[in-house]
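What follows is the residue order along each chain.
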Amino acid sequence: MQAADLDLLIDSARAAGEVALTYSGKTAKKWEKPDDAGPVTEADLAVNDLLADRLQSARPGYGWLSEETEDDDARLSRDKVFIIDPIDGTRSFVDGSDTWAHALAIVDQGVVIAGVIYLPKRDLLYSASLGQGAFLNGKPIGPKESSDLSRAEILAAGPVLNASHWAGDTSPEFRRVYRPSLAYRMALVAEGRFDGMLTLRPCWEWDIAAGDLILREAGAVCTDRTGGTLQFNNAHPMQNGLIAAGRSIHEQIATSLKQHRRDIPRA
């Protein structure tokens with residue numbers, strides 16, 4: 001069933017790309033979500049509708065969690081759950097960039113067992129199934145195994161360099177690089193294009209579930225900001241930041257951070 005689940009996600013991600021590409025990001029209708037949660041476009045909603053129809057029809061016994069669907073506590077009683085971000089990097093989509101992605105995952109009792117990140121404008125499809133490795137367009141991928149954080153390229157937003165986040169009130173000397181889509185950042189680390197990625201803000205599960213599995217199956221380490229194991233399908237579907245890298249770089253980042261746990265409710 002796991003192989004069939006991954007095939008379902010791959011086919012659905014490609015179908016989502018076909019729908020998304022019928023919209024022009026700069027002219028698509030858009031709205032701002034409440035509480036400064038960012039933009040949503042008619043393309044996000046169209047992709048969400050397509051995925052909900054395809055995935056839930058194929059697996060009616062699975063729960064459903066998507067950024068663009070009102071949350072339903074019924075998912076908490078299901079062993080297997082789809083966790084979906086119809087378009088990760090909506091701002092990038094609106095700007096007409098090509099770095100937005102579809103992120104699709106299946107979780108079994110809190111653990112991701114199948115995941116896909118697809119960038120339709122670049123025709124990049126990252127995929128993984130639990131215990132079967134990680135792939136980019138069907139070819140195996142793996143992370144960099146760098147050992148010197150001071151020479152590492154880390155995907156992160158600017159605020160992570162604020163000295164207040166780091167032990168000794170001094171941020172490490174690494175080269176910061178940025179890409180808009182959180183899912184794409186995770187995929188780039190799994191592919192070995194960058195040494196690691198880091199976000200200190202709470203992360204929605206739909207942004208990171210697929211990437212978590214792809215990273216781990218590629219051979220990287222992926223945890224929350226404290227080094228804790230990620231567990232998905234929580235009642236409040238957020239994680240306490242994210243660190244992803246090869247083992248040495250991950251350890252250096254984790255031990256350099258001040259560890260202030262955030263009170264994020266769990267299921």
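Because the structure is a prediction, the values reported are computed rather than measured.

What counts, and at which threshold
- Residues numbered from 1 in each chain as written.
- Predicted model: local features only at pLDDT ≥ 70, side-chain atom pairs only at ≥ 80, totals over all residues.
- Heavy atoms only, no water.
- Salt bridge = Lys/Arg side-chain N within 4 Å of Asp/Glu carboxyl O.
- Helix = DSSP H or I, 4+ residues; strand = E, 2+ residues; numbered from the N terminus.
- Buried < 20%, exposed > 50% of the residue type's maximum accessible area, 1.4 Å probe, protein only.
- Polar contact = N/O pair within 3.5 Å; in protein donor to acceptor, adjacent residues only side chain to side chain.
- Contact = heavy atoms within 4.5 Å.
- Pairing = 2+ DSSP bridges.
- Axes fitted to C-alpha atoms, helices over the stretch in contact; angles between N-to-C directions.
- Parallel < 35°, antiparallel > 145°, perpendicular 65-115°, else oblique.
- Left-handed = near helix turned anticlockwise from the far one by under 90°.
- Nonpolar A, V, L, I, M, F, W, Y, C, P; charged D, E, K, R; others polar.

Engineer: Help me out: how do you make sense of the pattern of salt bridges in this one?
Structural biologist: It is possible for side chains of opposite charge to pair when their charged atoms get near one another. Under the defined criterion, the tally for this structure stands at 9 salt bridges. When the shortest N-O distance is used, the salt bridge between aspartate 169 and lysine 258 registers 2.6 Å. Placement of the pair is aspartate 169 in the loop between β10 (153-155) and β11 (175-177) and lysine 258 in the segment after α6 (247-256), with a sequence separation of 89 residues. A salt bridge links glutamate 191 to arginine 193; the shortest N-O distance between them is 3.8 Å. On the accessibility criterion, arginine 193 (40% relative accessible area) is partly exposed.

Engineer: Help me understand the side chain of aspartate 224, please; the structure alone is not making it clear to me.
Structural biologist: Relative to the assigned elements, aspartate 224 resides in the loop between β14 (221-223) and β15 (238-239). Among the polar contacts made by the side chain of aspartate 224, one reaches the side chain of threonine 226 at a distance of 2.7 Å. Once residues lying within four places of it in the same chain are set aside, the contact partners of aspartate 224 are Leu230, Asn240, Gly241, Leu242 and Ile243.

Engineer: Which parts of the structure should I look at to understand the sheet that holds strand β4 (residues 80-88)?
Structural biologist: Two strands in a sheet stick together by hydrogen bonds in their backbones, pointing the same way (parallel) or opposite ways (antiparallel). Strand order in this open sheet of 7 strands is β3-β4-β5-β6-β7-β8-β9, and the pairing throughout is mixed. Taken across any chain shown, the strands that pair with only one partner, and hence form the sheet edges, are β3 (63-66) and β9 (139-140). The pairing of β3 with β4 spans 4 bridges and is classified as parallel. Of the residues in β4, the one forming a bridge with tryptophan 64 is phenylalanine 82. Relative to strand β7 (residues 124-129), helix α4 (residues 182-191) is tilted by about 75 degrees, and along the sheet it contacts β4, β5 (101-108), β6 (111-119), β7 and β8 (134-136). Contacts from helix α5 (residues 205-218) reach β3, β4, β5, β6, β7 and β8, with the element oriented near 100 degrees to β6.

Engineer: I tried to follow the packing of helix α1 (residues 2-20) against helix α2 (residues 42-58) on my own but got confused; where do I start?
Structural biologist: The relative placement of two packed helices is expressed as an angle between their axes plus a distance between the axes. Running from amino to carboxyl end, α1 crosses α2 at an angle of 155 degrees, the nearest separation of the two axes being 9 Å. In terms of orientation, α1 and α2 fall into the roughly antiparallel class. Crossing geometry of α1 relative to α2 is assigned as right-handed. Between α1 and α2, the contacting residues are Leu8, Leu9, Asp11, Ser12, Ala15, Ala16, Val19 and Ala20 on the first element and Ala46, Val47, Leu50, Leu51, Arg54, Leu55 and Ala58 on the second. Each residue belonging to the contact of α1 with α2 can be placed in one class, and the counts come to 12 nonpolar, 1 polar and 2 charged.

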